[in-house]
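Fold and contact review
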Amino acid sequence: MQNEIKDVVVIGGGVVGTAILRKLSLYHLSIALVEKQPDVCEGASKANSGIIHTGFDAPPNSLEAECLKRSRDLWPDYTEQLKIPYIPCGAIMVATNEEEKDIIENKYIPNAEANGAHVEWLDRDEVLEMNPAVTDKVVGALSIPGEAICDPFTATRSYAELAVINGAELFLGSGVTDIKEIENGFSVILEDGREIKTKYIVNAAGVYSDHISRMIGDTSFTISPRKGQFILTEEEIDISQIILPVPTAKSKGTLVSPVVFGGFLLGPTAEDQQDKEDKSTSTEGMEQVVTGCEKLIPQVREYDSIRQFAGIRAVCSTGDYVIRPSEKNKQFIHAAGIRSTGLSASPGIAEVVAEQLQSAGLELEKNHEAKLEIPNLFDDSEENVGEIICLCRTITRSEITNAMEGPVPPTTIDGVKRRTGATLGECQGNCCIPKIVDILHEYGLDDHKVPLKGIQHSTIAVKGGPQR
């Protein structure tokens, strides 16, 4: 049982929840994050396009637009401080006929101006000069130079690592089963029987945020799951930017984008479903991706895929972000309904949540000793490089052991992948997984990816404090 009363407990270990935790770790607060999966970055945060959107196409005057606008100013410092791989490549929205050109001119250019995002029109020759692989049916494109790509794995993990370095505590591998309102706060009950008492809660549980909301009787919104299937290829595509279609009413559409750690991403689909856990891929979904993308890049059907995957994004009944106190208890703050722009808007969302907490009565006193930057945790001197474990990506044993000894160590093969890039290459782990499993064994993890020692009730409690 937890005797200490936390100031804030964040529920949800995705990019939004960890961004909020990082923000709160800069103040004199006792904070914790709860995530039902064995690691952070296990939901939509690990299965997305990795694009940093400017918000040029967000609905004007929406909360989403506000958070994206704030984030535009914050991302340059964040990528530097948190060592997030980041490429400011820009994007183009391709018009393949006069109708699409009219939509861009009459909708997206005014929309971008309303949101303060810089855009400009490129003619056909300019588009093809910069991106020769684009269809010769192009009549022009809207250039969005502020768009970028980053590594969403590193972004999510670095948010969490900095928070832990600043003293935050993580409870991983045990979800929330109940929330009881107590005097001046809440009692959060976990699947393993543990209880965490806290004055405030931030609900950042993604597709399950409506489920968490109902634990205190708040039924003010519902979340529906929307599946997005992707294809990853390492074929050479002669583009230098993110290639976007003109969106539909339902989705931004299937795009083609460079990936910061190599290759190109095609997708996603937009499939409404009932099951919040169904992340399967299908022949039909892959065909939908290819059909959509070949309208932009005609050769995509000829490309070999090294991986297909799917993510579930949260579609909210309100049509916008829900970042506000619960109607049932002002000390319970929602950070819900974050659809496909969660990565892009995460810095701004964290700012708004902190303001909402302060308005609800939480005192925010800056901790001037809190760290803003992730320290360099990897010794890459020649004598410490060691054995190469992943031949495709040239990932060494030292890189993996450094991850195992970091502020938020992995407990699964996927966790190692997201921290080091191992298994992401052409062989997709067929050659390196046995050696990764051996290293996990060395750190007390068994073949079923469950900790063997130092852990109670299968919950991984990562406490903040001095790091090496």
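A brief report on the enclosed structure follows. What you see is a predicted model; the values in this text were computed from it and never measured.

Helix and strand counts for the protein chain stand at eleven helices and 23 strands. For the protein chain, whose C-alpha radius of gyration is 22 Å, the value lies close to the compact-globule estimate of 23 Å for 468 residues. The principal-axis extents of the C-alpha atoms in the protein chain amount to approximately 65 × 55 × 40 Å. A separation of at least 24 residues holds for 74% of the contacts in the protein chain among residues at least 6 apart in sequence. Approximately 19,600 Å² of the protein chain is accessible, and the part contributed by carbon and sulfur atoms is 46%. Counting 45 positive and 70 negative side-chain charges, the protein chain places the centres of these two groups 6 Å from one another.

This paragraph deals with the side chain of arginine 419. Note on placement: arginine 419 falls in helix H10 (residues 413-420). Of the polar contacts made by the side chain of arginine 419, one reaches the side chain of aspartate 39; its length is 2.7 Å. Looking at arginine 419, its side chain comes within polar contact range of the main-chain oxygen of glycine 415, at 3.0 Å.

In this section: H10. Counted residue by residue, H10 has seven buried out of eight residues, so it is predominantly covered. Among the residues of H10, those classed as buried are Ile413, Gly415, Val416, Lys417, Arg418, Arg419 and Thr420. Next to the buried residues of H10 lie helix H5 (152-165), strand E18 (307-316), strand E22 (395-396), helix H9 (397-404) and helix H11 (433-442). Trailing H10 by a residue or two, glycine 421 shows a phi angle of about 90°, which is positive.

The omega angle of the peptide bond from glycine 267 to proline 268 is 0°, so this bond is cis rather than trans. Position of proline 268 among the secondary structure elements: in the loop between strand E16 (264-267) and strand E17 (271-272). The residue asparagine 61 is not glycine, and still its phi comes out positive at about 70°. Along the chain, the position of asparagine 61 falls in the loop between strand E3 (51-52) and helix H2 (63-81).

Turning next to the pairing of strand E1 (residues 5-11). Taken across its seven residues, E1 has six buried, putting it largely inside the fold. Sheet topology places E1 next to strand E2 (residues 31-35); four bridges connect them, and they run parallel. The residue bridging valine 9 from the neighbouring strand is alanine 32, located in E2. Each parallel crossover has a hand, and the one from E1 via helix H1 (residues 15-24) to E2 is right-handed.

Spatial ordering of the open sheet is given by E3-E8-E4, a layout of three strands whose pairing is antiparallel. One side of each edge strand has no neighbouring strand; the edge strands of this open sheet are E3 and strand E4 (86-87). Summarising the sheet, E4 and strand E8 (residues 148-150) pair through two bridges and their orientation is antiparallel. Bridge pairing in E8 places tyrosine 86 opposite cysteine 150.

It is at 8 Å that the axes of H1 and H5 come closest, and there the two elements cross at 30°. As the angle between them shows, H1 and H5 are arranged roughly parallel. H1 and H5 meet at a crossing whose hand is left-handed. On the side of H1, the interface is formed by Val15, Thr18, Ala19, Leu21 and Arg22, while H5 contributes Thr156, Tyr159, Ala160, Leu162 and Ala163. In terms of residue class, the contact of H1 with H5 is made up of seven nonpolar, two polar and one charged.

The nonpolar side chains of soluble globular proteins are, as a tendency, buried together. Counting 57 residues, the largest nonpolar core has Val8, Val10, Ile20, Leu170, Val202, Ile349 and Leu357 as its most contacted members. Other than its neighbours up to four places away in sequence, isoleucine 20 contacts Val10, Val202, Ala204, Ala335, Ala350 and Val353. Counting 23 residues, the second largest nonpolar core, distinct from the first, contains Ile92, Val138, Ala141 and Val289.

Turning to the pattern of salt bridges, a few remarks are in order. Inspection of every chain in the model, using the stated rule, returns 22 salt bridges. With a shortest N-O distance of 2.8 Å, glutamate 42 and arginine 418 are connected by a salt bridge. Of this pair, glutamate 42 sits in the loop between E2 and E3 while arginine 418 sits in helix H10; the two residues are 376 residues apart in sequence, bridging distant segments of the chain. According to the relative accessible area criterion, glutamate 42 is buried, its value standing at 11%. The exposure class of arginine 418 is buried, given its relative accessible area of 5%.

Rules behind the numbers
- Residues numbered from 1 in each chain as written.
- Predicted model: local features only at pLDDT ≥ 70, side-chain atom pairs only at ≥ 80, totals over all residues.
- Heavy atoms only, no water.
- Helix = DSSP H or I, 4+ residues; strand = E, 2+ residues; numbered from the N terminus.
- Rg over C-alpha atoms; globule rule 2.2 N^0.38 Å.
- Contact = heavy atoms within 4.5 Å.
- Areas by Shrake-Rupley, 256 points an atom, 1.4 Å probe, with all protein chains shown as cover.
- Lys, Arg positive; Asp, Glu negative; His and termini not counted.
- Charge placed at Lys NZ, Arg CZ, Asp CG, Glu CD.
- Polar contact = N/O pair within 3.5 Å; in protein donor to acceptor, adjacent residues only side chain to side chain.
- Buried < 20%, exposed > 50% of the residue type's maximum accessible area, 1.4 Å probe, protein only.
- Pairing = 2+ DSSP bridges.
- Right-handed = clockwise from strand over helix to strand, strands pointing away.
- Axes fitted to C-alpha atoms, helices over the stretch in contact; angles between N-to-C directions.
- Parallel < 35°, antiparallel > 145°, perpendicular 65-115°, else oblique.
- Left-handed = near helix turned anticlockwise from the far one by under 90°.
- Nonpolar A, V, L, I, M, F, W, Y, C, P; charged D, E, K, R; others polar.
- Core = buried A, V, L, I, M, F, W, Y, C linked by side-chain atoms within 4.5 Å.
- Salt bridge = Lys/Arg side-chain N within 4 Å of Asp/Glu carboxyl O.

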